[in-house]
Amino acid sequence: MKSGQTYAVVDVETTEVQPDGQRRLIQFSCVFLKNRRVINKFNTLVNPQTSVSLEIQQLTGITPAQLNKAPLFSDLAATIYSLLQNTVFVAHNINFDYNFLNQELERVGYPSLELEGIDTVQLAQVLLPTLPSFKLSYLSSYLNLDHRHPHQADSDALATAQLLLLLQKRIDQLPVETLATLAEFQTCFLHQTGKLFVTAYQQKCHQPQQLPAYLVKVNDMLIRRDTYQSVSLQAAVYPQSSSDKQQLFAGLIEWRQPQAEMMDVIHQALNQGPPALLIEAPTGLGKTLGYLVPIMYQLAAGKSNGCVVSTATTALQTQIVDRVLPLLQQLLPFNFSAIVLKGSWHYLSLAKFAASLKQLQSGQSRLLQLRILVWLLTSKTGDLDELHLTKYQDPLFDQIRHTGLESLNPADPFYEYDFLRRQRQHIAEADLLITNHAYLLQHAQQIGQERILVVDEAQHLAPNALMASRQEIDFDQVKICSDTLLVMAQSQPAFSFKDLISQGILSPASAQEMIRVLRVIDHRTWAVREEIIERFVVAEKGTQIFEKLLPLRQIYGFIKENVGEFKTIATAFEQLTNLYFQFEDLTTQLQAARRLDKVAQNFLIEFLDWLKQLLDQLAA
């Protein structure tokens, strides 16, 4: 925030949408900040001259009687317009408050405000990247802000002002290297929100800076050092009696007799030899602590090399890590180490992420990159689930997800710091491994067999095993993808390979090779489909949905008879994969050199997307 500049932190409350398609103002509030202090406040109710729904009354606590006594907006407009002059407009979701206020001003004959603006929603998303919600009520509770009356504009404006000041402190604490990138991409923020990073960078870049010891700089990007430390478990005696358990639980968890009995059953089984228990625990028993407490005492006694807990989903993994493990650390009189194991696609590839920063991105994708950039200052795991995103539909994730240790290049500067590589190095040292059924089934040998295994939600293990060993190929989707790609390449009226060649973007030889390989896949995979139907399906007349378990000898016989077709398709698949990477590299280079106009860029991005869908189908 600039010294001497006044920031007007605004919040408005409105009616529901009226028959004319508009809302009406019922409360306007503003908190004025200067030099990071509150210097003034303004708050008023506004008579909307229309009814206010019961829902709005209950939400805001504002009654029709109060509004009937309030001034009209036409009588307040001059005061509000004057107060906001020469200020920076700040709001939590600025596109609503700023645009709505301008509509109201225009309605009563005033010109629109032309102010610089800051959106605290986007600021919070970038600076507090791991929060599950950015609603003002949640942020106020999480950050302990003064927000006594949510959905009343005066309380909301004050909370937003406090939030802005807190977020500014976060900006001040960012390393100059991170600020440089945030400032570079300031235009992806709404209004002039990004200028806060520019101002902070300009102030900081001329001052001597020392990087915190827990961070390391790799190719101008800051990441957290590997601070994992194995823990030597201290010997401890399992609390045998109810009184011992009650003393252990005191002040932390509620006493449940069935939970204590479950602990004793597991403790006894562990001490009688390799246990093979099947336990059905009702909801509300506290089963996770019920099995973890006796197991951890067993590990502390040196009677086992560790424990693996496998549950049905990654969401349940997260629940154990976020809720159960912190409580377990408080309960037990000794420390322990734990690692969460998930599929590689849950993790960020540092090398791919660094490369994505140099590529053209949409504003939303760039904003997500900046959020990840700040997250990397604190993340010890690189687990993308830490970001608490409800969806991963942004195309950026296809660029930055990890694809496994085999995809790493030892010569890459990020190799030493790769999150997945770090994790795998520490598996043998961890006391407790938290994983899911799908991962367990695919990586049992890597995890090791000298540990206690707990299969939580065991009823889901068999379905997961079936899914893990099942492969499908959708011939219809292969046909759709290959036909679409051939049309785009050869005969699409709007834009095709012919246009790329004429612009000097694509060589005729590369274009012809892509078309040739696509034709091979288009024709040969469909031919295999027809052979399968002729051999195995045609006899089942009148059946729309067909499912049949085939003896292996029949499958082997079919493959042997059509081995030429399979080899041709396999060769074409390998060639198409190489062509995909060539086209991807070409697109990246042309984007970086700014040699692509919007039409050519959109064409190549769409073509690569269809190509990836085709390769994914064939890889199955």
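Keep in mind that this is a model prediction, so the values were computed, not measured.

Asker: Where do I start with the packing of aromatic side chains in this structure?
Answerer: How two aromatic rings sit relative to each other is given by the distance of their centres and the angle of their planes. If you walk through the whole model with that rule in mind, you get 18 aromatic pairs. With centroids separated by 5.6 Å and ring planes inclined at 70 degrees, the aromatic side chains of tyrosine 580 and phenylalanine 581 adopt a geometry described as edge-to-face. The class for tyrosine 580 is buried, based on a relative accessible area of 12%. Exposure remark for phenylalanine 581: the relative accessible area of 43% places this residue in the partly exposed category.

Asker: What am I meant to see in empty space enclosed by the protein here?
Answerer: A water-sized probe, rolled over the atoms, reveals where empty space remains. Applying the stated criterion across every chain, the model contains one cavity of 30 Å³ or more. One number sums up the size of the largest cavity: a volume of about 40 Å³. Along the walls of the largest cavity sit Glu177, Thr178, Thr181, Asp220, Met221, Leu222, Leu373 and Leu377, which together make up its complete lining. Only helix H8 (176–184) and strand S7 (221–224) provide two or more residues apiece to the lining of the largest cavity. No other element matches the three residues that H8 contributes to the lining of the largest cavity. For the lining of the largest cavity, the class distribution of residues is four nonpolar, two polar and two charged.

Asker: I keep staring at the side chain of threonine 14 and nothing clicks. Help me out?
Answerer: Relative to the helices and strands, threonine 14 resides in strand S1 (residues 6–14). Discounting residues that sit within four places of it in the chain, threonine 14 has contacts with Arg23, Arg24, Leu25, Ile26, Ile56, Phe96 and Phe100.

Asker: So what exactly am I meant to see when it comes to the sheet that holds strand S11 (residues 452–455) here?
Answerer: Adjacent strands of a sheet pair through backbone hydrogen bonds, lying either parallel or antiparallel. If you trace the four strands from one edge of the open sheet to the other, you get S9-S10-S8-S11, paired in parallel fashion. Of all the strands in the sheet, the pair left with one neighbour each is strand S9 (338–340) and S11. Here the average twist between neighbouring strands, direction ignored, is 20 degrees. In this sheet, S11 lies alongside strand S8 (residues 307–311) in parallel orientation, the contact comprising four bridges. Within the sheet, the bridge partner assigned to valine 308 lies in S11 and is leucine 453. Along the sheet, helix H12 (residues 287–300) makes contact with S8, strand S10 (432–436) and S11, crossing S11 at roughly 170 degrees. Contacts between helix H13 (residues 314–331) and the sheet are confined to S8, S9 and S10, with S10 contributing the most and set at about 150 degrees to the helix.

Asker: What is the right way to look at the pairing of S7 in this model?
Answerer: In summary, the side chains of a regular strand alternate between the two faces of the sheet. What you see with S7 is no split at all: Met221 and Ile223 on one side and Leu222 and Arg224 on the other are buried throughout. The pairing of strand S6 (residues 215–218) with S7 spans four bridges and is classified as antiparallel. Within S7, the position partnered with leucine 215 by the bridge is arginine 224. The turn linking S6 back onto S7 is made up of two residues, and asparagine 219 within it adopts a positive phi angle of 50 degrees.

Asker: I'm lost on the side chain of serine 140 in this one. Help?
Answerer: Residue position: serine 140 is located in helix H6 (residues 136–143). According to the relative accessible area criterion, serine 140 is buried, its value standing at 5%. If we skip the residues at most four places from it in the chain, serine 140 touches Leu145, His147 and Ala159.

Asker: Explain the packing of H12 against H13 to me, please; I cannot follow it from the model alone.
Answerer: Packed helices, taken two at a time, are described by the angle between their axes plus the distance between the axes. Relative to each other, H12 and H13 sit at 45 degrees, their axes nearing to 11 Å. Classed by the angle they form, the pair H12 and H13 counts as oblique. Of the two elements, H12 crosses H13, and the hand of that crossing is right-handed. Between H12 and H13, the contacting residues are Thr288, Leu289, Tyr291, Leu292, Val293 and Met296 on the first element and Ile320, Val324, Leu325, Leu327, Leu328 and Leu331 on the second.

Rules used throughout
Residues numbered from 1 in each chain as written. Predicted model: local features only at pLDDT ≥ 70, side-chain atom pairs only at ≥ 80, totals over all residues. Heavy atoms only, no water. Phe/Tyr/Trp six-rings, centres within 6.5 Å; stacked < 30°, edge-to-face > 60°. Buried < 20%, exposed > 50% of the residue type's maximum accessible area, 1.4 Å probe, protein only. 1 Å grid on protein atoms, 1.4 Å probe; cavity = no way out; pocket = protein on both sides within 12 Å on 5 of 7 lines; lining within 4 Å. Points joined across faces, edges and corners; volume = space filled by probe spheres on them. Helix = DSSP H or I, 4+ residues; strand = E, 2+ residues; numbered from the N terminus. Nonpolar A, V, L, I, M, F, W, Y, C, P; charged D, E, K, R; others polar. Contact = heavy atoms within 4.5 Å. Pairing = 2+ DSSP bridges. Axes fitted to C-alpha atoms, helices over the stretch in contact; angles between N-to-C directions. Parallel < 35°, antiparallel > 145°, perpendicular 65-115°, else oblique. Left-handed = near helix turned anticlockwise from the far one by under 90°.

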